[in-house]
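Coordinate analysis (summary)
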Amino acid sequence: MPKTSKYIFITGGVLSSLGKGIASASIGLLLKQRGFAVTILKFDPYINVDPGTMNPFQHGEVYVTDDGAETDLDLGHYERYLDESMSRKNTATAGQVYYDVITRERRGEYLGKTVQVIPHITDEIKARMQAFHGVYDVVIIEIGGTVGDIESLPFLEASRQLGLELGKNNVLNVHLTYVPFIRSAGELKTKPSQHSVKTLMEHGIMPDILLCRAEQKIDKDIRQKIALFCNVEERSVIEALDAESIYEVPMMFARRGLDDIVCEKLGLKRSQIDLETWARFVHRIKSPKYHITIGLVGKYVRYKDSYKSITEAFIHAGAVNNTKVVVRWIDSEAITQETAAEQLADLHGILVAPGFGSRGVEGKINAIQYVRENGIPFFGICLGMQCAVIEFARNVAGIAEANSSEFKKGKFNVIDLMHDQQGVVDKGGTMRLGAYPCSLEAGSKAFAAYKYEHISERHRHRYEFNNDFRELLESHGLKCSGVSPDGHLVEIIELAKHPWFVGVQFHPELKSRAVTGHPLFTAFVKASLKRALKE
Ligand code: GLN
């Protein structure tokens, strides 16, 4: 018997960056811990087909799913909180929706009709919103952007129509708003929330629950006022204070009875909630025994959302090791051979980040040379691994001109374009994307971290380790400890004679989950902690 799915729509008002993604993931976790099958979908109103072609400064990290979709970083939050893998069905952009409708129009599927936003675009959105109908007990749908934006209109309209079709008992509207504290008046102000709800209502959507982001406690009288003006029950006006850790948010919501209200309003049977493991995880984040500092070397360090999954993976791996990982952000462009010692000597480990293009690459290579020669734990991800191979080829194997053909085409491209990437013209969605299997060498550091031989990790790159140089580099001590099952693609390199020096062609950070963490991050933090404890 298929389940009847209940839907929760999450919209945001007043301003962006209020944390709709965390709110959606937190509600999802609370319902999951009550025993419901939950999934979360994200709808982004922009015209790009996906964020894959956007600059990290614009969009933050591009999150890649197992099935190779390049998606919004909120999908990362969903996976980390729910401990479940998302897929391309969990996300859509206005660009994708229009692309599909226009493709169908060209095929003649709407022959005779004028193709319009309502009903054609909204029908396509509704179909995508119901991709998991009957599969999950609860489908949470986060609508990107801020209420009042022109772009979000078709999405709000689709959610309104769906609410009508599915019936009141099956749909809940949660609106995230902001209640600013005005210092000169010494007061929390409710007007922006009133306006935001008014805009939502103009679109025919009445919020059932308001999550009010605020820096100061929202007292009962303010909650009453918001309830009255926004037409929401007082108990459903929920304070959402800034949290020390984003992982505390589910517990803050639970303390305010949010999950109870959600279950009651959706007619979900009230099962007992189990937050014990989560609470232990949060406790370990907040009261760690040890502290270490890890340098994150990258070129997008001014915009930290570009490395979201990496910083979250450090929080998880830190919790596993009872350690707080303090990240020192280091601009790769600023590292020279002369300054490397001064910039890196006091670090307990360094991670060289993924990236595209030549800017900052020589700085990354300088950093790697320093940590390789000085026994500082090193973790290279994607471009970080490629830089480690270049550095090793230049400074250990004596190939002075070693480079990646992404930066300089020549005779010594130890990193080179894969065969199936040659001649690729379309930039969108054409990299090696998504999950690929990898076999680990017994006795390696990688194997010691994972503890099993066959793994699967997610990719997002065009260039690869060039096998023409494999024998030479291996003869100088570079170990290819993880390769594709057919042995052709080098996925992990490491150095045996170093406390911990591992580079991976894939993106392990995308599979780090709250509570459990990721084996490689856990091992890297452990190695860095060992260095810290020796001081
Ligand atoms: N620019 C490199 C490539 O395309 C690395 C990509 C990355 O770090 N994600 O292969």
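Read on for an overview of the structure. (Residues numbered from 1 in each chain as written. Predicted model: local features only at pLDDT ≥ 70, side-chain atom pairs only at ≥ 80, totals over all residues. Heavy atoms only, no water.)

**Describing the environment of S444**
Residue placement: S444 occurs in the loop between β18 (432-440) and α16 (445-450). Taking relative accessible area as the criterion, S444 reaches 2% and is therefore assigned buried. Once residues within four sequence positions are removed from consideration, S444 is found in contact with K479, S481 and E494. Within polar-contact distance, the side chain of S444 engages the backbone nitrogen of F447 at 3.1 Å. (Helix = DSSP H or I, 4+ residues; strand = E, 2+ residues; numbered from the N terminus. Buried < 20%, exposed > 50% of the residue type's maximum accessible area, 1.4 Å probe, protein only. Contact = heavy atoms within 4.5 Å. Polar contact = N/O pair within 3.5 Å; in protein donor to acceptor, adjacent residues only side chain to side chain.)

**Details of helix α6 (residues 153-166)**
With 14 residues, α6 ought to run about 20 Å at 1.5 Å a step, and its terminal C-alpha atoms sit 20 Å apart, in line with that. Among the residues of α6, P154, F155, L156, E157, A158, S159, Q161, L162, G163 and L166 are the ones counted as buried. (Expected span 1.5 Å × (residues − 1).)

**Here's the deal with the pattern of salt bridges**
What the rule picks out here adds up to 43 salt bridges. The salt bridge involving R104 is made with E124; its shortest N-O contact spans 2.5 Å. Linking R104 in helix α4 (residues 94-107) with E124 in helix α5 (residues 117-129), this pair joins segments that are 20 residues apart in sequence. Among the residues examined, E124 registers a relative accessible area of 9% and is labelled buried. Here E124 makes a salt bridge to R128, at a shortest N to O gap of 2.8 Å. Residue E124 and its partner R128 are located together in helix α5, separated by four residues, close to a single helical turn. For the pair E124 and R128, one class covers both residues: buried. Linked through salt bridges whose partners overlap, the residues forming this network are K42, D44, D72, D74 and E142. (Salt bridge = Lys/Arg side-chain N within 4 Å of Asp/Glu carboxyl O.)

**Structural notes on the state of the cysteines**
Scanning all chains against the criterion turns up zero disulfides. With no disulfide of its own, C230 has C212 as its nearest cysteine by sulfur position, at a separation of 7.7 Å. Among the residues examined, C230 registers a relative accessible area of 1% and is labelled buried. (Disulfide = S-S within 2.5 Å.)

**Some points on the site of the ligand**
Near the ligand the following residues occur: P354, G355, F356, C382, L383, Q386, E406, R460, H461, R462, Y463 and H507. Contacts to the ligand include H507, whose side-chain N or O atom sits 3.2 Å from a nitrogen atom. Of all the secondary structure elements, the ones that give two or more residues to the shell around the ligand are α15 (383-395) and β19 (454-461). Of the residues in the shell around the ligand, the class split is five nonpolar, four polar and three charged. (Near = heavy atom within 4 Å. Nonpolar A, V, L, I, M, F, W, Y, C, P; charged D, E, K, R; others polar.)

**Notes on the nonpolar core**
Counting residues in hydrophobic clusters, the biggest one holds 48 residues, and the most contacted among them are I8, I27, L31, I209, L211, F253 and W278. Looking at which element gives the most residues to this core, the answer is helix α1 (residues 20-32), with seven residues. If sequence neighbours within four positions are ignored, I8 has contacts with I27, L31, V138, V139, I140, I141, L172, V174, V262 and L266. Counting residues in hydrophobic clusters, the runner-up holds 41 residues, among them L344, V361, V371 and I415. (Core = buried A, V, L, I, M, F, W, Y, C linked by side-chain atoms within 4.5 Å.)

**Comments concerning the packing of aromatic side chains**
Across all of its chains, the model carries 18 aromatic pairs by this definition. Here the aromatic rings of Y247 and W278 are separated by 6.0 Å at their centres, their planes lie at 55°, and the arrangement is tilted. Residue Y247 is found in the loop between β11 (237-241) and α9 (249-255), and its partner W278 is found in helix α11 (residues 276-286); the two are separated by 31 residues along the sequence. Residue Y247 shares its accessibility class with W278, and that shared class is buried. For the pair F378 and F501, a centre-to-centre distance of 4.4 Å together with 35° between the ring planes defines the contact as tilted. Here F378, found in strand β15 (residues 378-381), pairs with F501, found in strand β23 (residues 501-504); they are 123 residues apart in sequence, far enough to count as distant. One exposure class covers both F378 and F501, and it is buried. Sitting over the face of the ring of W329, K304 holds its NZ or CZ atom 4.8 Å from the ring centroid. (Phe/Tyr/Trp six-rings, centres within 6.5 Å; stacked < 30°, edge-to-face > 60°. Lys NZ or Arg CZ within 6 Å of the ring centre and 35° of its normal.)

**Digging into the environment of S309**
Among the secondary structure elements, S309 is positioned in helix α12 (residues 308-320). The class for S309 is buried, based on a relative accessible area of 1%. Remark: the alpha-carbon pair of S309 and V62, spanning 247 residues in sequence, is separated by 9.5 Å. Dropping the residues within four chain positions of it, S309 is found in contact with E61, Y63, R80, E509 and L510. Here the side chain of S309 touches E61 through a polar contact of 2.6 Å, side chain to side chain.

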